[in-house]
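# Observations on chain architecture
Residues per chain are reported as follows:
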Amino acid sequence: MKKLRKFERVDANSLDYLHIIYYIYGGCKFNCEYCFTINNKKRDVDLNDQYRIVDTFFRLKTPFDIYFYGGEPTEYEYLHEVIEYILSKPKSMFQKMEIQTNLNITREELTRFCKYDNLVFSPSIHIKFLKGDTIYDLVDKLDIIYNRDRLHRIDFMLEKWEPELHYELNDILLTKPYYDKIMYTFNYMEINKSDTYTGAYNTIDMYSDIIKGSKYQERYRLTYDDNTVEDVDISELYLRDISFKGWYCDAGRYLMYVEYNGDWWICDTKNIKESPMGNILKSPAKFLIQNRGPFKCNVNKCDGCYYIKKYENR
């Protein structure tokens, strides 16, 4: 059986700054069946603890950004206060903030977020779980973000339910100037602590024409020990039984996953499968020294942070 020898990103460079996934709130009205966020329930998130976590971020000696994640981060009642606190801090190492959101907020609230400096949006579209919105409301909200120069990327989740609405929305998006910012995803990482991805929500065959016509897909090059090479996109990788165990990975150096309670991991895969590697509120020093060098992977199957460089253990 051939062995993976080299793993590279094709369409873009891997990250060269620390990307902090900040899981600030667990609550989400959608409760998507395929969501891999564990125990996605509303939590009592202490604002002062968030200030202390942010204080630790700003003690870093390396460039970093902050990616607000959930759940649905906009459902956290003090998210504006956290954003304003971040913006009050020194900017020497801080790059930007990014919000991953399902857009299930009012236009007025969305416009308020758009007024912040150094803040961009990466909406995630889930047609089955609109909760009061129509696809036309989604387009209107995307227009608001784009027109205010706050749109970073769009994740369009191609669900197996209501395919006619997916095609109708796709036809609308084809006419938009931000179409090249859309990444269509048809393989889901459902709640799964084992090392086998089940593919229960796989919709490849249903939407293959949309995928083929899209302009933006994360693509990766896999080189094997027999010198064969293949290029695949990120949705295909989710189905692969790929292990980097024994390899050195830049997770920790260029990626951190931090929860509202201070718990942290060096990647989202370890977050799903392992206990916390530390807690910022109890021991910030351990977090601060973690990004000094590559981390030797001990996970049997990688489920996600492919945009981080991997180095074969020779």
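In this section: the environment of Asp209. With respect to the element layout, Asp209 can be found in helix α6 (residues 208-213). Here Asp209 falls in the partly exposed class, since its relative accessible area comes to 45%. Side chain to side chain, Asp209 and Tyr167 meet in a polar contact 2.8 Å long.

This next bit is on the sheet that holds strand β1 (residues 4-9). The strand order across the open sheet built from three strands is β1-β8-β9, with neighbouring strands paired in antiparallel fashion. Both edges of this open sheet fall to β1 and β9 (229-233), since each of them pairs with a single strand only. Mean inter-strand twist for the sheet, computed between neighbouring axes without regard to direction, equals 25°. Note: strand β8 (residues 219-224) against β9, five bridges, orientation antiparallel. Looking across to β9, one finds that Thr223 is bridged to Val229.

Let us look at helix α4 (residues 135-147). Under the 1.5 Å per step criterion, the end-to-end length of α4 is 18 Å for 13 residues, consistent within 8% with the ideal 18 Å. Buried within α4 we find Ile135, Asp137, Leu138, Val139, Lys141, Leu142, Asp143, Ile144 and Ile145. Note on α4: the residue one or two positions beyond its end, Asp149, has a positive phi of about 55°.

So, about the pattern of salt bridges. Throughout the structure, instances matching the rule amount to 16 salt bridges. In this structure, Arg107 and Asp137 form a salt bridge, with 2.8 Å as the shortest nitrogen-oxygen distance. Remark: Asp137 occurs in helix α4 and Arg107 occurs in helix α3 (residues 107-114); sequence separation between them is 30 residues. Under the relative-accessibility criterion, Arg107 is labelled partly exposed at 29%. Shared partners join several salt bridges into a network, and the residues in it are Arg107, Asp137 and Asp140.

Turning our eyes to something else, we now look at a negative patch on the surface. Taken together, the side chains of Glu162, Glu164, Glu168 and Asp171 make up a negatively charged region of the molecular surface. Within the secondary structure, Glu162 sits in the loop between β6 (154-157) and α5 (163-173). A residue is classified by how much of its surface remains accessible, and Glu162, at 34% relative accessible area, is partly exposed.

Pairing is antiparallel in the open sheet, where three strands are placed in the order β14-β10-β15. With partners counted over all chains shown, the strands left at the sheet margins are β14 (295-296) and β15 (310-311), one partner each. Where strand β10 (residues 248-249) and β15 come together, two bridges link them in antiparallel fashion. Pairing of Tyr248 across the sheet is with Tyr311, part of β15.

Ranked by internal contacts, the top residues of the largest apolar core, which has 96 residues, are Phe57 and Phe68. In this view, Phe68 contacts Tyr22, Ile24, Pro73, Leu79, Val82, Ile83, Ile86, Met97, Glu98, Ile99 and Gln100; residues no more than four positions away in its chain are not counted. Formed by seven residues, the second largest nonpolar core is a distinct cluster that contains Cys28, Cys32, Phe129 and Trp161.

Okay, the packing of aromatic side chains next. Counted according to the given criterion, the structure contains 27 aromatic pairs. Here Phe30 and Phe129 contribute two aromatic rings whose centre-to-centre distance is 6.3 Å and whose plane-to-plane angle is 25°, an arrangement assigned as stacked. Here Phe129 lies in the loop between β5 (119-125) and α4 and Phe30 lies in the loop between β2 (18-23) and α1 (47-57), a separation of 99 residues in the sequence. Judged by its relative accessible area of 5%, Phe30 is buried. Joined through ring pairs, the aromatic side chains of Phe7, Tyr220, Phe244, Trp247 and Tyr306 make up one cluster. Above the ring of Phe244, the side-chain terminus of Lys310 is found at 5.1 Å from the ring centroid.

Turning next to unusual backbone geometry. Across the junction of Gly70 and Gly71, the peptide omega takes the value 20°, indicating a cis bond. When you line up the elements, Gly71 lands in the loop between β3 (64-69) and α2 (79-87). One non-glycine residue, Glu162, lies in the positive phi region at around 50°.

Here we come to the pairing of β8. As judged from the five bridges shared by β1 and β8, these two strands associate in the antiparallel manner. Following the sheet pairing, Lys6 is matched in β8 by Thr223.

Rules and cut-offs
- Numbers given for residues are sequential positions, taken from 1 along each chain in its written order.
- Local features in a predicted model are, by the rule used here, given only for residues with pLDDT of at least 70; side-chain atom pairs are given and counted only at 80 or more, and totals for whole chains, interfaces and linings are based on all residues.
- As a convention, hydrogens and water are excluded, and side-chain values are obtained from all of the structure's heavy atoms.
- Only runs of H or I of at least four residues qualify as helices and only runs of E of at least two qualify as strands under DSSP, and these elements are numbered from the N terminus.
- Each residue is assigned to one of three classes by its accessible area relative to the maximum for its type, calculated with a 1.4 Å probe on protein chains only: buried under 20%, partly exposed between the two thresholds, exposed over 50%.
- Polar contacts, as counted here, are pairs of nitrogen or oxygen atoms within 3.5 Å of one another; within protein the pair requires one atom able to donate a hydrogen and one able to accept it, and residues that are adjacent in sequence qualify only if both atoms are side-chain atoms.
- A pair of strands is treated as paired once DSSP finds two or more bridges between them.
- Here the axes come from fitting lines to C-alpha atoms, over the contacting stretch only for helices, and the angles between their N-to-C directions go from 0 to 180 degrees.
- A helix's residues, less one, multiplied by 1.5 Å, set its expected span.
- A carboxyl oxygen of Asp or Glu within 4 Å of a side-chain nitrogen of Lys or Arg is what we treat as a salt bridge.
- By definition, no residue in a patch forms a salt bridge, and every one has over 30% relative accessible area; like charges are joined within 9 Å, nonpolar side chains (Val, Leu, Ile, Met, Phe, Trp, Tyr) within 5 Å.
- Here, Shrake-Rupley sampling with a 1.4 Å probe gives the accessible areas, and only protein chains in the shown set may cover a residue.
- Residues scored as charged are limited to Lys and Arg (positive) and Asp and Glu (negative), so that His and the chain ends carry no count.
- The atom standing in for a charge is NZ when the residue is Lys, CZ when it is Arg, CG when it is Asp and CD when it is Glu.
- Residues belong to one nonpolar core when they are buried, are Ala, Val, Leu, Ile, Met, Phe, Trp, Tyr or Cys, and are joined through side-chain atoms within 4.5 Å.
- Should any heavy atoms of two residues lie within 4.5 Å, those residues are considered in contact.
- Ring geometry is summarised as follows: Phe, Tyr and Trp rings, the Trp one being its six-membered ring, pair when their centres sit within 6.5 Å, and such pairs are stacked at plane angles under 30 degrees, edge-to-face over 60 and tilted between the two.
- By the criterion adopted, a ring carries a charge over it if an Arg CZ or a Lys NZ lies within 6 Å of its centre and within 35 degrees of its normal.

Scope: geometric values only; no functional claims are made or implied.
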